[in-house]
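Secondary and tertiary structure notes
One letter stands for each residue in the lines below.
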Amino acid sequence: MDFTTGATLQAVCEEKKISIAQAMKEREMTLGNVTEQSVMDRIGVAWKIMKDSATTPIAEPRKSIGGLIGGEAKMMKEYRESGKNLCGEMLSRAMSYAMGVLEVNATMGLIVAAPTAGSSGVVPGALLAYQEVKGVSDEVIYNGILNASALGYLLMRNASVAGAEAGCQAEVGAASAMAASALVEMEGGTPEMCLNAAAMALSNLLGLACDPIAGLVESPCQTRNSIGVANAYTAAEMILAGVKLPVPFDEMAEAMLRVGKSLPFELRETALGGCAGTPTGCALGCKICKK
Amino acid sequence: MNSLSIFDVIGPNMIGPSSSHTAGACAIALMARRLFDEDVKKVTFTLYGSFSKTYQGHGTDKALLGGVLGFATDDPRIRNSFELAKERGVEVHFIIDEKTQVDHPNTADILMEGADGKEMFVRGVSTGGGKMRIVRINQIDVDFTGEYTTLIVKQFDKPGVVAHITKCLADEKVNIAFLRLFREDKGANAFTVVETDERIPQAVLEKIKKNENIQELMLIPM
């Protein structure tokens, strides 16, 4: 069993009356010639690494290699616990976790690229905060990860998840599309609604530049991951509420790739434009590289 | 699995910060260490292209050294690879070459020396998402990814050697996914690189070795 587009994925799910998570699991078992147990074991390992990387920097903050970030996840947690947070409990938690994963990544710690290292905070941040606030089991989250991987696979196959090719919209944009779809499925939405949520998340960040200061996966990557979880929750909630986006997922994936290709060279991970190209960004780049 | 797997999307599990500049660099060096097949006493890395410009901020140097010490891309010891190399008495040199033009922006050369003076040179390129290709071993251009079980045969460039190798594999029902032959000069040293779907049993290696034109075998299980 295989599918290569959002439309064929939806058709497979509707014909067999299965979820996107189930379809992705069956695809893996068929094409990889592996057992359900081995797939779920590997998902379990990934989830453990995701949780550790989201929570460790809250207890033990560290400065990044480039020195641009470190300690933000803990700050976000403390502010939330002060009760003054503007975002609700779930989003405030998710922001802290997403930023924590990026801190671990930037200090040479262990993370799961999802789909990339630069966007590795979005899926764990969104899912872990959801699990804690809603009180769901790991099994529910594993299905969320399977669902997210299906959308990520389609974007890797038919569009791009590389900042150097298509900007941050392809990294944090793709990660938030994956997380949005997972949230909709965990909330009982249909495969069609999952695809719509992913399309909406992509459309919300269309055109976002990849402009890392000093070329490092630190700033603005970390705060962009925070925006990624917010984008995932808002897209999921809009779809669950019945809001419609007229453009289907496959067309939106193609649009994302086209927009990415038309981004100037300076805005595709070259550290020449955007935040990196500001006088302050350039000065920080020179300072770090001389170190 | 040849098409994209769940774990190509949710993965790799890796030490940050960059799949191409950290995980990919470690994967190249780990493959070099497996090809060398003994402890490295002295290692010289030469970094080209993007690797030469941004290696410090991405920990490319630590990742390369970690790979040569035998650490996989998800091994937290990568962070301390310089200290661990010192403890193990490994001599480490880095050459930063920003001038030489290379085909791929993320290219690294690794020259390894063992205790008994054995030397091996490996060039690898990091192709994104933690994936890599080995493109040179010693003086010979090769091309393989390590994503399949890989058999590398060093041989004399004589008629019938490749036929002998494929027959030995076929007799054991090992299916070949890719097979390529690379050589220095006509009649001189050559490498056959075979990538297979199945595991290659040790018995096949013994049979392949029996041909007088075979010099050396390296088996890299998946």
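Residues numbered from 1 in each chain as written. Chains lettered and ligands numbered in written order. Predicted model: local features only at pLDDT ≥ 70, side-chain atom pairs only at ≥ 80, totals over all residues.

Here we take up the overall build of chain A. A tally of regular secondary structure across chain A gives 14 helices and one strand. Its C-alpha atoms give chain A principal-axis dimensions of about 60 × 40 × 40 Å. Out of the 291 residues belonging to chain A, those deemed buried represent 58%. A fraction of 78% describes how many contacts in chain A between residues 6 or more apart in sequence connect residues 24 or more apart. (Helix = DSSP H or I, 4+ residues; strand = E, 2+ residues; numbered from the N terminus. Buried ≥ 20, exposed ≤ 12 C-beta atoms within 10 Å, placed from the backbone. Contact = placed C-beta atoms within 7 Å.)

Residues and elements named next belong to chain B. Spatial ordering of the open sheet is given by β3-β2-β4-β5-β6-β7, a layout of six strands whose pairing is mixed. In the strand order of this sheet, the two ends are held by β3 (91–96) and β7 (140–144), each with one partner. Pairs of neighbouring strands in the sheet enclose a mean axial angle of 20 degrees, with direction left out of account. Here strand β4 (residues 106–113) runs beside strand β5 (residues 119–128); their pairing, made up of seven bridges, is antiparallel. Bridge pairing in β5 links Asp109 to Arg123. Its contacts with the sheet put helix α2 (residues 19–36) on β4, β5 and β6 (131–137), and the angle it makes with β5 is roughly 150 degrees. (Pairing = 2+ DSSP bridges. Axes fitted to C-alpha atoms, helices over the stretch in contact; angles between N-to-C directions.)

Often, the extent of an interface is quoted as the loss of accessible area on bringing the components together. At the interface, 36 residues of chain A touch 27 residues of chain B. Residue assignment for the side of chain A that touches chain B shows that the elements contributing at least two residues are α2 (20–32), α3 (36–59), α5 (89–106), β1 (110–112) and α7 (138–158) of chain A. By residue number, the principal contributor to the side of chain A that touches chain B is α7(A), which donates seven residues. Considered class by class, the residues forming the side of chain A that touches chain B number 25 nonpolar, eight polar and three charged. Note that β1(A) and strand β1 (residues 13–15) of chain B share three bridges and pair antiparallel. The residue of β1(B) that forms the bridge with A:Ile111 is B:Met14. (Nonpolar A, V, L, I, M, F, W, Y, C, P; charged D, E, K, R; others polar.)

What follows is about the packing of helix α6 (residues 161–171) of chain B against helix α7 (residues 202–209) of chain B. All names here are of chain B. At a minimum axis separation of 9 Å, α6 and α7 run at an interaxial angle of 150 degrees. With respect to α7, the axis of α6 lies roughly antiparallel. Of the two elements, α6 crosses α7, and the hand of that crossing is right-handed. On the side of α6, the interface is formed by Ile165, Cys168 and Leu169, while α7 contributes Val204, Lys207 and Ile208. Tallied by class, the residues present in the contact of α6 with α7 amount to five nonpolar, no polar and one charged. (Parallel < 35°, antiparallel > 145°, perpendicular 65-115°, else oblique. Left-handed = near helix turned anticlockwise from the far one by under 90°.)

Attention now goes to the sheet that holds strand β11 (residues 214–220) of chain B. Residues and elements named next belong to chain B. Pairing in this open sheet of four strands is antiparallel, and the strands run β9-β10-β8-β11 from one edge to the other. Where the open sheet ends on each side, the last strands, each with one partner, are β9 (176–183) and β11. Averaged over neighbouring strand pairs, the angle between their axes works out to 15 degrees when direction is ignored. Pairing between strand β8 (residues 149–156) and strand β10 (residues 189–196): eight bridges, direction antiparallel. When the sheet's bridge partners are listed, Leu151 is paired in β10 with Val194. Against the sheet, α6 makes contact with β8, β9 and β10, and its axis sits at roughly 25 degrees relative to β10, the strand it touches most. Running over the sheet, α7 touches β8 and β11 and is turned about 165 degrees from β11.

Turning our attention to the domain arrangement of chain B. The domain boundaries assigned to chain B delineate domain 1 (6–138) and domain 2 (149–220). A straight line from the C-alpha centre of domain 1 of chain B to that of domain 2 of chain B covers 26 Å. (Domains from an automatic or database assignment.)

For the rest of this paragraph, the subject is the nonpolar core. Core analysis: the biggest nonpolar cluster contains 160 residues, and A:Ala126, A:Ala179, A:Ala180, A:Leu183, A:Ala198, A:Val229 and A:Ala232 have the highest contact counts within it. With eleven residues, the top contributor of residues to this core is helix α9 (residues 172–186) of chain A. When we break this core down by domain, the ones giving at least three residues each are domain 1 (6–138) and domain 2 (149–220) of chain B. Setting aside anything within four residues of it in sequence, one finds A:Ala126 in contact with A:Ala94, A:Ala179, A:Leu183, A:Val229, A:Ala232 and A:Tyr233. (Core = buried A, V, L, I, M, F, W, Y, C linked by C-beta atoms within 7 Å.)

Residue and element names in this part refer to chain B. Structurally, His58 can be placed in the loop between α3 (49–54) and α4 (60–68). What makes His58 buried here is the crowd of 26 C-beta atoms within 10 Å. For His58 and Gly16, which are 42 residues apart along the polypeptide, the C-alpha to C-alpha distance reads 7.8 Å. Those residues within four positions of His58 in sequence are excluded, and the remaining contacts are Pro17, Ser18, His21 and Thr22.

A few words on the packing of α9(A) against helix α10 (residues 191–204) of chain A. Residues and elements named next belong to chain A. For the pair α9 and α10, the least separation of the axes is 8 Å and the interaxial angle reads 150 degrees. Relative to α10, α9 is oriented roughly antiparallel. The interaxial crossing formed by α9 with α10 has right-handed handedness. Contacts between α9 and α10 involve Gly173, Ser176, Ala177, Ala180, Ser181, Val184 and Glu185 from the first element and Met193, Cys194, Leu195, Ala197, Ala198, Met200, Ala201 and Leu202 from the second. A breakdown of the residues in the contact of α9 with α10 according to their chemical character gives eleven nonpolar, three polar and one charged.

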